[in-house]
Amino acid sequence: MPHGTAAYAVDPEDPAGQADEPARASPKKDKFGQCACYWNGYRAQFMPMPLLILAMAVCTYGPVMDRAFRPAQQRSSSDSPAAHFPARPEPSPTEVALAWALTAAIALMFISYFQAMLTDPGTVSKAWSDDLQADSARRSTLRARYCHKSEKWKPERAHYCRITERLILNMDHFCPWVVNDIGYHNRKFFMLFLVYTVAAALLGLGTLIYEGDFQFGHKLEHNFPAFCVVCMGAILDVVMALLLAPFLCWHLKMAAYNETTIEQGYTAERFDIGWWRNLKQVFGSSVVFWLLPIYACGPDGDGLTWVHDYDVQYELTMREAAKEEQKNRAAEEAKNANAKEMKPHGG
């Protein structure tokens, strides 16, 4: 769960939310003695999460790949791990296709994982904060508040993370699995990581079922350890799918409604501008790159200014009013034209 400040909660050091002359101090240092940054080698070295991700991928990938891609003579040789399995015919085209699909899913999962880990989620620059400090009218327009912990002005949807000690744009939460904050610039990669992890789990389980590796009597008769290996991969696939599929659906729903984990239940502000535009603010303005773990053109917007739902409603109201006015004007012009045509006959 997020470790940042509660969304839109009143700052105890500045209840009014406005500090006209905040005190200046030297840049803060994080717990590793480095200037606070989005990710660093010190933090990653002490986190075993990448190794756990790799181990789970091997458990899912190994049994399927050995069956689908290893030649028959190697699968039956004594020095092959697959020698414990009973001899079977060459894999069918469907099995190979499923194996290649699993390969692609795991590759995209790892790319998304490291993209979420290594991409800066976004923060407020000192120059932007200093410019805002000198412009009180703009501060009011942007609904900016001063953050005493980061010593910067923060825009809407920005929150301070106590772990990375940074002010994160559109912060969702700090994720220990990717050892990084999930924010404006890397939220897409985090969600794609979930998408491809669930896809890999389902493909791995489906491939094992299709290959008939759950014939209990057949496996126990030939080699019990081999059957245990297959079962371990299958159980891991089931657990990952059951745990992450609802989590993925929850995050997709929040993205469709333009919400973050922090904002749920803490704010009356609404940034829902329509599900299509909402998703563009997460996955980018170009739909072609939505499912690819590359930054491309990035999220739609700048992470500093946000459109509210009532702004969109006002825009729609004004647009409807303009259409109605144009319709009335056209009717009035048509009425005047008819009157002019009928005037000579009346004379």
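For every chain, the first residue of its written sequence is number 1, and the numbers climb from 1 along that sequence. Residues qualify for local features only when their pLDDT is at least 70, as the model is predicted, and side-chain atom pairs are given and counted only at 80 or more; totals for whole chains, interfaces and linings, by contrast, use all residues. Hydrogens and waters are ignored; side-chain quantities use all the structure's heavy atoms.

(A) Here's a closer look at the overall build of the protein. The helix count covers DSSP runs of H or I at least four residues long, the strand count covers runs of E at least two residues long, and both are numbered beginning at the N terminus. Helix and strand content of the protein: eleven helices and six strands. Between buried and exposed lies partly exposed: a residue is buried under 20% and exposed over 50% of the maximum accessible area for its type, with that area taken using a 1.4 Å probe on protein chains only. Split into buried and exposed, the 347 residues of the protein put 41% on the buried side. Only heavy atoms enter the contact rule, under which two residues are in contact if any of them lie within 4.5 Å. Long-range contacts, defined here as pairs at least 24 residues apart, represent 68% of the contacts in the protein between residues at least 6 apart. Residue-level accessible areas treat just the shown protein chains as cover; the underlying method is Shrake-Rupley with a 1.4 Å probe. Summed over its atoms, the accessible surface of the protein is roughly 18500 Å², and 64% of this surface lies on carbon and sulfur atoms.

(B) Quick peek at the nonpolar core. The biggest cluster of nonpolar side chains holds 41 residues, and the ones touching the most others in it are Ile106, Met109, Tyr113, Val178 and Phe283. Where this core is concerned, the elements lending two or more residues are helix H2 (49-69), helix H4 (93-118), helix H7 (187-210), helix H9 (224-256) and helix H10 (275-283). Here the element with the most residues in this core is H7; it accounts for twelve residues. Here Ile106 is in contact with Ala57, Tyr61 and Ala200, once residues within four sequence places are set aside. Take the buried residues of types Ala, Val, Leu, Ile, Met, Phe, Trp, Tyr and Cys, join any two whose side-chain atoms come within 4.5 Å, and each joined set is a nonpolar core. In terms of nonpolar packing, the next biggest core, distinct from the first, is built from 16 residues, Leu132, Cys147, Trp153 and Ala158 among them.

(C) Focus on the packing of aromatic side chains. We call Phe, Tyr and Trp rings a pair once their centres come within 6.5 Å, taking the six-membered ring for Trp, and we label the pair stacked below 30 degrees between planes, edge-to-face above 60, and tilted otherwise. Considering all chains together, one arrives at ten aromatic pairs under this definition. Relative to Trp290, the ring of Phe283 has its centre 5.7 Å away and its plane inclined at 35°; by these criteria the two rings are tilted. The exposure classification of Phe283 matches that of Trp290, with both residues buried. Pairwise contacts between aromatic rings join Trp275, Trp276, Phe283 and Trp290 into one cluster.

(D) Structural detail: the side chain of Thr197. Positionally, Thr197 belongs in helix H7. Assessed through its relative accessible area of 7%, Thr197 is described here as buried. In this view, Thr197 contacts Met109, Met240 and Leu244; residues no more than four positions away in its chain are not counted.

(E) The arrangement of the pattern of salt bridges in detail. Throughout this description, the term salt bridge denotes a Lys or Arg side-chain nitrogen within 4 Å of a carboxyl oxygen of Asp or Glu. Across all of its chains, the model carries five salt bridges by this definition. Put simply, Lys126 and Asp130 hold a salt bridge, and the shortest N to O gap is 2.9 Å. Of the two residues, Lys126 and Asp130 both sit in helix H5 (residues 126-133), four residues apart, roughly one turn of that helix. Judged by its relative accessible area of 28%, Asp130 falls in the partly exposed class. Across the pair Arg157 and Glu263 runs a salt bridge, and its minimum N-O distance is 2.6 Å. Remark: Glu263 occurs in the loop between H9 and H10 and Arg157 occurs in the loop between strand E2 (152-154) and strand E3 (159-161); sequence separation between them is 106 residues.

(F) Structural context of unusual backbone geometry. With a phi angle near 55°, Arg143 is a residue other than glycine that sits in the positive phi range. With respect to the helices, strands and loops of the structure, Arg143 is situated in the loop between helix H6 (136-142) and strand E1 (145-147). Classification of Arg143 as partly exposed rests on a relative accessible area of 35%. Residue Asn170 is not a glycine yet carries a positive backbone phi of 45°. One can find Asn170 in the loop between strand E4 (166-168) and strand E5 (173-175). For Asn170, a relative accessible area of 3% gives the class buried.

(G) Just a nonpolar patch on the surface, in detail. Each patch groups residues whose relative accessible area exceeds 30% and which form no salt bridge, using 9 Å between like charges and 5 Å between nonpolar side chains of Val, Leu, Ile, Met, Phe, Trp and Tyr. A grouping of Leu51, Leu54 and Val58 is seen on the molecular surface, where their side chains present a nonpolar patch of about 300 Å² in accessible area. Locating Val58 in the fold gives a position in helix H2.

(H) Quick peek at H4. Its 26 residues give H4 an end-to-end C-alpha distance of 37 Å, which sits within 8% of 38 Å, the value for a rise of 1.5 Å per residue. Looking at H4, one finds that the buried residues are Glu95, Ala99, Leu102, Thr103, Ala105, Ile106, Met109, Phe110, Ser112, Tyr113, Ala116 and Met117. Here the expected length of a helix is defined as 1.5 Å per residue gap, with one fewer gap than residues.

(I) Quick look at the confidence of the model for the protein. Values of pLDDT, the confidence the predictor places in each residue, fall between 0 and 100. When pLDDT is averaged across the protein, the result is 75; 65% of the residues are at 70 or more. In this model, residues 1-38 is a region of pLDDT below 50 whose contacts with residues beyond four sequence positions or in other chains number 100 contacts. pLDDT under 50 marks residues 214-220. Its contacts with residues more than four places away, or in other chains, come to eleven contacts.

(J) Summary view of the environment of Tyr295. Mapped onto the elements of the fold, Tyr295 is located in the loop between H10 and helix H11 (309-346). The spacing of Tyr295 and Gly284 is eleven residues in sequence and 8.3 Å in space, taken between C-alpha atoms. Sequence-distant contacts of Tyr295, defined by excluding residues within four places in its chain, comprise Gln115, His185 and Phe189. We call two N or O atoms a polar contact when they sit within 3.5 Å, provided that within protein one can donate a hydrogen and the other can accept it, with sequence-adjacent residues counted only if both atoms are side-chain atoms. At 2.5 Å, the side chain of Tyr295 and the side chain of His185 are in polar contact.

(K) Structural view of the packing of H4 against H7. Every axis corresponds to a line fitted to the C-alpha atoms, with the helix fit spanning only the stretch in contact, and the corresponding angles, defined between N-to-C directions, vary from 0 to 180 degrees. Where H4 contacts H7, the two axes come as close as 8 Å, and the packing angle between them is 155°. With respect to H7, the element H4 is oriented roughly antiparallel. The two elements H4 and H7 meet at a crossing, and its hand is left-handed. Gly is placed with the polar residues, together with every amino acid not listed as nonpolar (Ala, Val, Leu, Ile, Met, Phe, Trp, Tyr, Cys and Pro) or charged (Asp, Glu, Lys and Arg). Considered class by class, the residues forming the contact of H4 with H7 number 18 nonpolar, six polar and one charged. Any angle that is under 35 degrees is reported as roughly parallel, and any over 145 degrees as roughly antiparallel; angles of 65 to 115 degrees are reported as roughly perpendicular and all others as oblique. Each crossing gets its hand from how the near helix is turned against the far one by less than a right angle, where anticlockwise is left-handed and clockwise is right-handed.

(L) Representation of the environment of Val64 in the model. Within the secondary structure, Val64 sits in helix H2. Relative accessible area serves as the criterion here: at 0%, Val64 is assigned to the buried category. On a C-alpha basis, the gap between Val64 and Leu203 in space is 9.8 Å, while along the polypeptide they are 139 residues apart.

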